[in-house]
Amino acid sequence: MFYACNLFEEIPVRDRDVFIWNTLIRECMREGKEVHCSVIKHGFGMNDFVQSSLVAMYSRNGEMSSSEMVFGEIVEKDVVTWTSLIVQNGWFMEWLDGFRRKVGSGIQPNMVTLVSILPACAALNLLCLGEMIYGCGIKLGVDSDVSFVNTLISTYGKCSADGNGENVIRARSLFDRMIVRDMVSWNAMIAVYEQNRSGSDALKLFRRMLSENVDFDYITLVNMYAKCACIDLARDVFDRLPERTVVSWTAMIYAFAVNGHGNDALEMFSRMLKEKVKPNSFTFIAILTACNHSGLVEEGRKYYKSMNEGNAIGPSVENCACIVDLLGRAGLLTEAFEFIENMPVEPDAGVWGALLSACCTYENVEMAEPERIAEHLFRFDPQSETYYVLLSKIYAQAGTPEKAARFRTLMKDSDLKKTPGHSSVEICLSSHTLPSGLH
């Protein structure tokens, strides 16, 4: 810590950006308040990215009142912020208890509060809390509010990604009961089907949206064509856009990325920069995904570095997950593990899961040992069957069947089942689902 502080002091004040402050905070567990004062003094006190790190820092030190104070000052509480709370000393559960007590004592939250909590419920798979929020919405009389219902649909969808079809049905029921729907409503319900591998239902709803002459934006069309692997149609829509914003550029880059057209995605990104369009964090997720899917390791490193330097965008946990997956797919497991240990944000299940998947591909048992990766994954999501399956496979490949059997037994005892894979094919404008293994 002494060395880190000395090194920080050598950096000119004008060069101390969000990323540098965030890194220092992560290193300053005991000198936190002193650093917090410096953060405020230099004008970074209200930066969401820095505030999330301060919340995590105070939580780790057990200074819950300070953690709660900073958390309350964050204007836009994203998933990273909520995740940093739930994994640090159970502070989130303390906050939840306080929230319940306030509601029980008659202090009613407003709709903005409810809508801000629902995305966290979805990201952390806390459907029970989401349904409690739904109940609060009914009592407040906002259960017919479009933005509230849209967020609730997304919550049910993300909490059903483990194969719980009942939640998809509930999401659709909410959608069907809506008197007024906006573009977000249609997108949310289509996304629910896509997240739960119900491509045919997503396509049916999209066609219904077109038949009802819903005034959709062209970005939605680009995304829809991309998800259906109709990359030429997506590009045609993009080329016809009268005006292109960072959102439309990002959508097209991502379309190329997820369909394996890495070089096209990089070329599109270069065109975007030449036209003086400033990329955002989502653009970098798209370009790093392109590098990931096409095995462009050096390019991925370059773009990740440019986030912190030329573009002054603090990397999100999603950006970091892309890098870990990129390194892991290339067999650079040690580098991937070291990257995680030095991440500027708290790694989540997606980050550790990417590394575990790479360990399975390259049969690296040592790195997959519970004390290295698995314990992190089970802390975030102990009910995910994917981790049990991967660990069992890794040990089976390594010739240790007794350990492989242990994870299969744990999976069985937890009543978890592997979700079977399947593919969708369209024949004569009708989608058909084929289970994996069918020949």
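Just so it is clear, the model here is predicted, and its values are computed rather than measured.

(A) Molecular detail of helix H25 (residues 385–397). An ideal rise of 1.5 Å per residue puts 18 Å on 13 residues; H25 measures up with 18 Å between its terminal C-alpha atoms. Taken together, the buried positions of H25 are Glu385, Tyr387, Tyr388, Leu390, Leu391, Ser392, Ile394 and Tyr395. Phi turns positive one or two residues past the end of H25, at Gly399, with a value near 80°.

(B) Summary view of the UniProt feature "repeat: PPR" (unreviewed entry) in the chain. What UniProt calls "repeat: PPR" (unreviewed entry) maps, in this numbering, to residues 182–216 and 245–279. With 74% helix and 0% strand, the stretch residues 182–216 has end C-alpha atoms that lie 9 Å from each other. When the span residues 245–279 is considered, its composition is 74% helix and 0% strand, and the gap between its end C-alpha atoms is 10 Å.

(C) Up close: the environment of Leu327. Mapped onto the elements of the fold, Leu327 is located in helix H20 (residues 317–329). Residue Leu327 is classed as buried on the basis of its relative accessible area of 3%. Counting along the chain gives 30 residues from Leu327 to Val297, while the straight-line C-alpha distance between them is 6.9 Å. Apart from residues no more than four positions distant in its own chain, Leu327 is found in contact with Val297, Arg301, Leu332, Glu335, Ala336 and Phe339.

(D) Molecular detail of the packing of aromatic side chains. Per the counting criterion, the structure on display carries 6 aromatic pairs. On the basis of an interplanar angle of 90° and a centroid distance of 5.3 Å, the ring pair of Phe269 and Tyr303 is categorised as edge-to-face. With a gap of 34 residues between them, Phe269 in helix H17 (residues 262–274) and Tyr303 in helix H19 (residues 297–308) connect regions that are remote in the sequence. Accessibility classification places Phe269 together with Tyr303 in one group, the buried group. Positioned above the aromatic ring of Phe175 is the side chain of Arg181, whose terminal nitrogen or guanidinium carbon lies 4.4 Å from the ring centre. Lying across the ring of Tyr303, Lys302 places its NZ or CZ 4.8 Å from the centre.

(E) Representation of unusual backbone geometry within the structure. Even without a glycine there, the phi angle at Asn213 is positive, about 55°. The phi dihedral of Lys276 is positive, around 65°, even though this residue is not glycine.

(F) Looking closely at helix H13 (residues 199–211). Along its 13 residues, H13 runs 18 Å from first to last C-alpha, staying within 8% of the 18 Å computed at 1.5 Å per residue. Taken residue by residue, H13 has Ser200, Ala202, Leu203, Leu205, Phe206 and Met209 as its buried positions. Asn213 sits one or two positions beyond H13 and adopts a positive phi of about 55°.

(G) Geometry of the nonpolar core. One finds Ile153, Met252 and Leu355 to be the most contacted residues of the largest nonpolar core, which totals 109 residues. Per element, the largest residue contribution to this core is 9 residues, and it comes from helix H22 (residues 349–361). Setting aside its immediate chain neighbours within four residues, Ile153 contacts Ala171, Leu174, Phe175, Met178, Ala188, Met189 and Val192.

Reading the values: the criteria
Residues numbered from 1 in each chain as written. Predicted model: local features only at pLDDT ≥ 70, side-chain atom pairs only at ≥ 80, totals over all residues. Heavy atoms only, no water. Helix = DSSP H or I, 4+ residues; strand = E, 2+ residues; numbered from the N terminus. Expected span 1.5 Å × (residues − 1). Buried < 20%, exposed > 50% of the residue type's maximum accessible area, 1.4 Å probe, protein only. UniProt positions renumbered as here; feature names shortened; annotations may be inferred. Contact = heavy atoms within 4.5 Å. Phe/Tyr/Trp six-rings, centres within 6.5 Å; stacked < 30°, edge-to-face > 60°. Lys NZ or Arg CZ within 6 Å of the ring centre and 35° of its normal. Core = buried A, V, L, I, M, F, W, Y, C linked by side-chain atoms within 4.5 Å.

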